[in-house]
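Here is what each chain is made of, one letter per residue.
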Amino acid sequence: MGFIMSKLSVSQSIIKAKSYAKKGKIEEAKNIYELVLKAFPKNKRAQEGLANLAKFNQNFGPQDVPQDKVEQLISFYKQGQMATTVNLAQELLSQYPEQFILWNLLGAANISLNQTSNALAAFKKVTELNPYYPDGFNNLGLTLHRTRRLEEAISCYNKALSLKPNFADAHNNLGNSLKDQGKLKEAIKAYVKAISLRPDYAEAHNNMGVALQEDDAFKEAIECYEKALSIKPNFADAFYNIANTLKDQGELDWAIQTYKKAISLRPDYVEANYNLSLAYLLNGEFEKGLKLYEWRYRKKKEVRTRAPRKTLYWKGLGAIKGKRFLVYEEQGLGDIIQFCRYLPLLKKMGADLTFQVTEELHSLLQTIDVDLKLTSSLPSEKQIDFETPLMSLPHLLNTSLETIPKNIPYLSADPMKAMLWSNRFTRNNFKVGICWQGSKNKIDVGRSFSLSLFEDISRLKNIELISLHKGEGEKQISDIKFDLTTLGDDFDAGGDSFIDTAAVIVNCDLIISSDTAIAHLAGALGKPTWVALKYIPDWRWMLERNNSPWYPTVKLYRQKKQGDWEHVFDSMRRDLKSWLEMKKN
């Protein structure tokens, strides 16, 4: 354990380390604390001693910065003058490059300016210059979290906590990174620890509510948010999260009022404005919802929509006859299929229309009955007059629930492909094309279901189930105990998505699908389609109704409570049995 530890007791060693620290002998003090912790990793006095060395270094580091300069720098930061803070910090660092407190302020100011890479470099420098400064590791963790480097962020928080075990902020931040990894139970433990250290920590109560909400513990989540508001009454984030919880329970009127409260406290609250749009849309209030849906451009997380270039932005007012008009894709394949119905409306207004969209959909989209240029690359500003993302068209063209374009079908299958697949389906039976899972991402949570749920439907007389599924979820096919027709490796095997799928769909009598692109394709082809929906579905399906204003041939089957797919499949089996009996008679 080293010379000191062999001659002295632990208490004597710590007294000796403190003595070294007071004399400015930081390295000697650090070595003793490390030796103690090597032998006794949970020794709190040694942990606290290491943490205190950081403060000691701050006051007695090499080439101390004049105190008035540090105070001036802190004053600029507190006043929100971030650019000035950055400039002054850089000027001082040219004279005092080893002063970690300057690097720390430089990093904090860069974070406020959204200069994440500069902040990351600054906080890394802090931890290099002073590896015993818990705030440095905490700040580095926060910055790594911003860049979604969650595992590295967690490592930084744990390092901060090893130096300062009662560091409430680090426990809270650790919880945030664990939550974003989906480790909800571990996240909640971290929040509980933060709150035990600081009971009036409103942000930790709020964050624990989010984790509980994601774990479907809605009642407990709201209790956390209300506790946060009792501590901090004008806490916009807590109102926002209460609104999210209400929306997730289908309490849309209350959710809408609570989003409005959050926005009244912070008018530029991007997520609150965006989620308010979703609540309105779920409620069928399209005019209000579609207008607010334009806030999606400003989202920092999960941004999947490029805002129109300012010089080309069409606001729905100017004449577009003869104008070179670019519409560009956004979000998923199902969204493209659903909203490409708006392209003929622009053409009817006289636009010289180009649609920038992934090349894999070109063959399918060429079946739209409109003169349309398709491209996979972005034209330069000189090549177009106006542009807009696809999902802004409902707003720009003043869509209401009653005016949704319903020119169904607006897509069609390739006739040759349809005939080839028809020749492969030789049995004279009732063909049901099925799909049970979408892409595995955050949006898919709760939407997909097990293939095994189709078993009772498969037992109906004269039924043939045909798999339209490709990708994740296909492995379930080997585990089922009923017949399922699969379509082989050549099914949609080329570069053109959905060409074979469309051809198979038109050869089916019915499509049953989860909320995936398959459901949208079947609806756009005008095929009888049953869509199985989770309790609170995506906004386009709204609530309670069993039909869709987007697709007249689609019938909706909804969960009665969260996660209850059995009821959905019982209802579909009953209805299908009745249909088959009517067909027979």
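See the structure shown above.
Treat the numbers as computed from the prediction; the structure is a model and nothing was measured. (Residues numbered from 1 in each chain as written. Predicted model: local features only at pLDDT ≥ 70, side-chain atom pairs only at ≥ 80, totals over all residues. Heavy atoms only, no water.)

Undergrad: Is there a simple way to think about the overall build of the chain in this case?
TA: The helix and strand tally for the chain stands at 27 helices and nine strands. C-alpha atoms of the chain, sized along the principal axes, occupy 100 × 60 × 45 Å. Counting the 585 residues in the chain, one finds 52% classified as buried. Restricting the contact set of the chain to residue pairs at least 6 apart, pairs at least 24 apart contribute 62%. (Helix = DSSP H or I, 4+ residues; strand = E, 2+ residues; numbered from the N terminus. Buried < 20%, exposed > 50% of the residue type's maximum accessible area, 1.4 Å probe, protein only. Contact = heavy atoms within 4.5 Å.)

Undergrad: What should I look at first to understand empty space enclosed by the protein in this one?
TA: Scanning the entire structure with this criterion turns up one cavity of 30 Å³ or more. Computed from the structure, the largest cavity encloses a volume of approximately 30 Å³. Lining the largest cavity are Arg447, Asp515, Ala532, Leu533, Lys534, Pro537 and Asp538. Its residues placed into classes, the lining of the largest cavity shows three nonpolar, no polar and four charged. (1 Å grid on protein atoms, 1.4 Å probe; cavity = no way out; pocket = protein on both sides within 12 Å on 5 of 7 lines; lining within 4 Å. Points joined across faces, edges and corners; volume = space filled by probe spheres on them. Nonpolar A, V, L, I, M, F, W, Y, C, P; charged D, E, K, R; others polar.)

Undergrad: Sorry if this is basic, but what is going on with the environment of alanine 121 here?
TA: Within the fold, alanine 121 resides in helix α8 (residues 116–129). With a relative accessible area of 48%, alanine 121 lands in the partly exposed category. Residues alanine 121 and glycine 107, spaced 14 residues apart in sequence, show a C-alpha to C-alpha distance of 7.7 Å.

Undergrad: I keep staring at the sheet that holds strand β5 (residues 430–435) and nothing clicks. Help me out?
TA: As a general point, the strands of a sheet are linked pairwise by backbone hydrogen bonds and lie either parallel or antiparallel. The strand order β6-β5-β7-β8-β9 describes an open sheet built from five strands, whose pairing is parallel. Every other strand in the sheet has two partners, leaving β6 (463–467) and β9 (554–558) as the edge strands with one partner each. In this sheet, neighbouring strand axes are inclined to one another by 25 degrees on average, regardless of whether the strands run parallel or antiparallel. Strands β5, β6, β7 (510–513), β8 (529–533) and β9 of the sheet are contacted by helix α27 (residues 565–584), whose axis makes an angle of about 165 degrees with β8. (Pairing = 2+ DSSP bridges. Axes fitted to C-alpha atoms, helices over the stretch in contact; angles between N-to-C directions.)

Undergrad: For this particular structure, what's the right way to read the packing of aromatic side chains?
TA: In this description, an aromatic ring pair is defined by two values, namely the gap between the centres and the angle between the planes. Across all of its chains, the model carries 23 aromatic pairs by this definition. Every member of this aromatic cluster is reached through a ring pair, and the members are Tyr274, Phe286, Tyr293, Phe339, Tyr342, Trp539 and Trp550. Stacked on the ring of tyrosine 201, the Lys or Arg arginine 198 has its end atom at 4.0 Å from the ring centre. The side chain of arginine 266 reaches across the aromatic face of tyrosine 269, ending 4.0 Å from its centre. (Phe/Tyr/Trp six-rings, centres within 6.5 Å; stacked < 30°, edge-to-face > 60°. Lys NZ or Arg CZ within 6 Å of the ring centre and 35° of its normal.)

Undergrad: Honestly, the sheet that holds strand β3 (residues 373–375) in this entry has me stumped. Any pointers?
TA: Ordered in space as β3-β2-β1-β4, the four strands form an open sheet in which the pairing is parallel. Taken across any chain shown, the strands that pair with only one partner, and hence form the sheet edges, are β3 and β4 (386–389). Taken over all neighbouring pairs, the strand axes of this sheet differ in orientation by 20 degrees on average, direction set aside. Bridge count between strand β1 (residues 324–328) and β4: four bridges; the pairing is parallel. Bridge pairing links leucine 326 to glutamate 387 in β4.

Undergrad: Got a minute to help me understand a nonpolar patch on the surface in this structure?
TA: The grouping of Met416, Met419 and Leu420 at the surface amounts to a nonpolar patch, some 310 Å² of accessible area in total. Take leucine 420: it is sitting in helix α23 (residues 415–424). Judged by its relative accessible area of 49%, leucine 420 is partly exposed. (Patch = residues over 30% accessible without salt bridge, like charges linked within 9 Å, V, L, I, M, F, W, Y side chains within 5 Å. Areas by Shrake-Rupley, 256 points an atom, 1.4 Å probe, with all protein chains shown as cover. Salt bridge = Lys/Arg side-chain N within 4 Å of Asp/Glu carboxyl O.)

Undergrad: Looking at this model, I keep getting lost on helix α5 (residues 67–78). Mind explaining?
TA: The periodicity of an α-helix, 3.6 residues per turn, causes residues three or four positions apart to be oriented the same way. Its twelve residues place the ends of α5 16 Å apart at the C-alpha level, agreeing with the 16 Å of an ideal helix rising 1.5 Å per residue. Inspection of α5 places Val70, Leu73 and Phe76 among the buried residues, and these make up the whole buried set. Along the axis of α5, the buried residues cluster in a sector spanning 125 degrees; they form a single face. Projecting away from the buried face of α5 at angles above 90 degrees are the exposed residues Gln67, Asp68 and Lys78. Tucked into the core, α5 has its buried residues touching α6 (82–95) and α7 (100–112). (Expected span 1.5 Å × (residues − 1). Arc of directions from axis to C-beta.)

Undergrad: Would you mind showing me how to read the layout of surface pockets here?
TA: Rolled over the atoms, a probe as big as a water molecule pinpoints where empty space is left. Considered as a void within the structure, the second largest pocket measures approximately 430 Å³ in volume. What lines the second largest pocket is a set of 22 residues, and nearest its centre among them are Leu543, Glu544, Arg545, Arg558 and Gln559. Mapped onto the lining of the second largest pocket, the elements with two or more residues apiece are α16 (252–265), β9 and α27. At four residues, the largest contribution of residues to the lining of the second largest pocket is made by α27. Partitioning the lining of the second largest pocket into residue classes produces nine nonpolar, seven polar and six charged.

Undergrad: What am I meant to see in the nonpolar core here?
TA: Among the nonpolar cores identified, the biggest contains 168 residues, and Leu343, Leu411 and Trp539 are the most heavily contacted of them. The contacts of leucine 411, once residues within four sequence positions are left out, are Ile337, Cys340, Leu364, Leu365, Thr367, Ile368, Leu521, Ala524 and Leu525. With 25 residues, the next largest nonpolar core counts Trp436, Leu451, Leu484 and Met572 among its residues. (Core = buried A, V, L, I, M, F, W, Y, C linked by side-chain atoms within 4.5 Å.)

Undergrad: Help me understand unusual backbone geometry, please; the structure alone is not making it clear to me.
TA: Peptide bonds are, in most cases, trans, and in most cases residues other than glycine have a negative phi. The linkage connecting isoleucine 408 with the following residue, proline 409, adopts the cis geometry, with an omega of -5 degrees. Summarising the element assignment, proline 409 is placed in the loop between α22 (393–396) and α23. One non-glycine residue, methionine 542, lies in positive phi territory at about 55 degrees. Relative to the assigned elements, methionine 542 resides in the loop between β8 and β9. Given a relative accessible area of 3%, methionine 542 falls into the buried group.

Undergrad: Just to check I follow, could you spell out the packing of helix α14 (residues 218–231) against helix α15 (residues 236–248) for this structure?
TA: The relative placement of two packed helices comes down to the angle between their axes together with the axis-to-axis distance. Running from N to C, α14 and α15 point in directions that differ by 160 degrees, and their axes come no closer than 9 Å. Relative to α15, α14 is oriented roughly antiparallel. In this structure, the crossing between α14 and α15 has a hand that is left-handed. Between α14 and α15, the contacting residues are Phe218, Ile222, Tyr225, Glu226, Ala228 and Leu229 on the first element and Ala238, Phe239, Asn241, Ile242, Thr245, Leu246 and Asp248 on the second. (Parallel < 35°, antiparallel > 145°, perpendicular 65-115°, else oblique. Left-handed = near helix turned anticlockwise from the far one by under 90°.)

Undergrad: Sorry if this is basic, but what is going on with helix α9 (residues 134–146) here?
TA: Over its 13 residues, α9 runs 19 Å from end to end, which matches the ideal 18 Å to within 8%, given 1.5 Å per residue. α9 sits mainly inside the fold: ten of its 13 residues count as buried. Among the residues of α9, Pro134, Gly136, Phe137, Asn138, Asn139, Leu140, Gly141, Thr143, Leu144 and His145 are the ones counted as buried. The positive-phi residue at the C-terminal boundary of α9 is arginine 148, with phi of around 65 degrees.

Undergrad: Quick question: what am I supposed to make of the pattern of salt bridges here?
TA: It is possible for side chains of opposite charge to pair when their charged atoms get near one another. One pass over the full model with this rule turns up 24 salt bridges. For arginine 148, the salt bridge goes to aspartate 180, with nearest N and O atoms at 3.1 Å. Of this pair, arginine 148 sits in the loop between α9 and α10 (150–163) while aspartate 180 is found in helix α11 (residues 168–180), placing the two residues 32 residues apart along the sequence. With a relative accessible area of 44%, arginine 148 lands in the partly exposed category. With its nearest N and O atoms 3.2 Å apart, the salt bridge here joins aspartate 500 to lysine 417. Highlighted residues: aspartate 500 in helix α25 (residues 499–505) and lysine 417 in helix α23, separated in sequence by 83 residues. Of the residues examined, aspartate 500 reaches a relative accessible area of 6% and is grouped as buried.

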